[in-house]
Amino acid sequence: MATLLQTRPETKSAEMLSDKPRYEGWKVSREEYLDLDEDGFKYDMIEGVLHLAPSGEFEHGKLQLTFGFNLIAFLETNDMGKAVTEIDVFLPDGGDVVRPDVSFLLTENLHIVKTHIHGVPDLVCEVLSAGSIKRDLGIKAQRYLKNGVKEYWIIYPKERKLELLVNKNKKEWEKLSANILKSTVLKGFKINQKEFFK
């Protein structure tokens, strides 16, 4: 049963979507998280506690779509797997649920998709923002590394740059910084940074 940091309100089906976030401050397990009714708000799970996740700024959304568009365009002619945006990922380490801006799974790993991803995406992308930079470059990066995410693409909107981190045996990230970044997971997928930020 969920441990509440506030009193859980009684709800009826007509009240499922409201103008106020219902789950802010709730402490839940991963399993309980899956059972929560939709309330129309997005949450981040940090150390088992749900925190309201404000929507990203315009530039964040634009860059997320740009990366996703590049990936989907590549996959249309190279059927190697599936990409999705902002889906909950339940990593095998049992920690908090994460929601990368973009996740990609190779075809042979699509079996880990239920209603969400229960396992390790092959590639993730995060667009950094003031509210997420510490977590995205800190604990999330470490969890992606230790759980075996093969590639971590990081977009820095203010600096107008991309970085590509490549997983080296779950021990360290190899950082690639170049004008044209080339994927090691998706042979032939590359992003030209100058064109990306036009």
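Look above for the structure.
### Remarks on the overall build of the protein
A tally of regular secondary structure across the protein gives 5 helices and 12 strands. Relative to the 2.2 N^0.38 estimate, which gives 16 Å for 198 residues, the radius of gyration of the protein is 18 Å and therefore close to what a compact globule would have. With the C-alpha coordinates of the protein rotated into their principal frame, the extents come out at 55 × 35 × 30 Å. Expressed as a percentage of the 198 residues in the protein, the buried residues total 44%. Restricting to contacts in the protein with at least 6 residues of sequence separation, those with at least 24 account for 50%. Separation between the mean location of the 29 positive side-chain charges and that of the 31 negative ones in the protein comes to 6 Å.

### Looking at a negative patch on the surface
Taken together, the side chains of Glu31, Asp35, Asp37 and Glu38 make up a negatively charged region of the molecular surface. Here glutamate 38 is to be found in the loop between α1 (30-35) and β1 (43-46).

### Quick notes on the sheet that holds strand β5 (residues 102-106)
Taken in spatial order, the 6 strands of this open sheet run β3-β5-β7-β8-β9-β10, and their pairing is mixed. The strands lining the two open edges of the sheet, one partner per strand, are β3 (81-85) and β10 (172-176). Strand-to-strand twist of the sheet, defined as the mean angle between neighbouring strand axes without regard to direction, takes the value 20°. Pairing of β5 with strand β7 (residues 123-127), which is carried by 3 bridges, proceeds in the antiparallel orientation. Residue pairing for β7: valine 102 is matched across the bridge by cysteine 125. Where helix α4 (residues 139-147) meets the sheet, it contacts β7, β8 (151-156), β9 (161-168) and β10, and its direction lies at approximately 110° from that of β10.

### Regarding the environment of phenylalanine 41
Position of phenylalanine 41 relative to the elements: it lies in the loop between α1 and β1. Phenylalanine 41 sits 22 residues away from aspartate 19 along the chain, and the two C-alpha atoms are 9.0 Å apart.

### Describing the packing of aromatic side chains
Under the defined criterion, the tally for this structure stands at 10 aromatic pairs. Grouping aromatic residues by their ring pairs yields a cluster made of Phe67, Phe74, Trp153 and Phe189. A cation over a ring is seen here: lysine 161 above tyrosine 156, with NZ or CZ 4.8 Å from the ring centre.

### Quick word on α4
Where α4 is concerned, the buried positions are Lys140, Ala141, Arg143, Tyr144, Leu145 and Asn147. Residues of α4 that are buried make contact with β7, α3 (133-137), β8, β9 and β10. Where α4 ends, the next residue or the one after it, glycine 148, has phi of about 100°, a positive value.

### Focus: the side chain of aspartate 136
Of note, aspartate 136 is situated in helix α3. Of the polar contacts made by the side chain of aspartate 136, one reaches the side chain of lysine 140; its length is 3.4 Å. With residues near it in sequence (within four places) discarded, aspartate 136 still touches Glu126, Val127, Leu128, Ala141 and Tyr152.

Parameters and conventions
- Residues numbered from 1 in each chain as written.
- Predicted model: local features only at pLDDT ≥ 70, side-chain atom pairs only at ≥ 80, totals over all residues.
- Heavy atoms only, no water.
- Helix = DSSP H or I, 4+ residues; strand = E, 2+ residues; numbered from the N terminus.
- Rg over C-alpha atoms; globule rule 2.2 N^0.38 Å.
- Buried < 20%, exposed > 50% of the residue type's maximum accessible area, 1.4 Å probe, protein only.
- Contact = heavy atoms within 4.5 Å.
- Lys, Arg positive; Asp, Glu negative; His and termini not counted.
- Charge placed at Lys NZ, Arg CZ, Asp CG, Glu CD.
- Patch = residues over 30% accessible without salt bridge, like charges linked within 9 Å, V, L, I, M, F, W, Y side chains within 5 Å.
- Areas by Shrake-Rupley, 256 points an atom, 1.4 Å probe, with all protein chains shown as cover.
- Salt bridge = Lys/Arg side-chain N within 4 Å of Asp/Glu carboxyl O.
- Pairing = 2+ DSSP bridges.
- Axes fitted to C-alpha atoms, helices over the stretch in contact; angles between N-to-C directions.
- Phe/Tyr/Trp six-rings, centres within 6.5 Å; stacked < 30°, edge-to-face > 60°.
- Lys NZ or Arg CZ within 6 Å of the ring centre and 35° of its normal.
- Polar contact = N/O pair within 3.5 Å; in protein donor to acceptor, adjacent residues only side chain to side chain.

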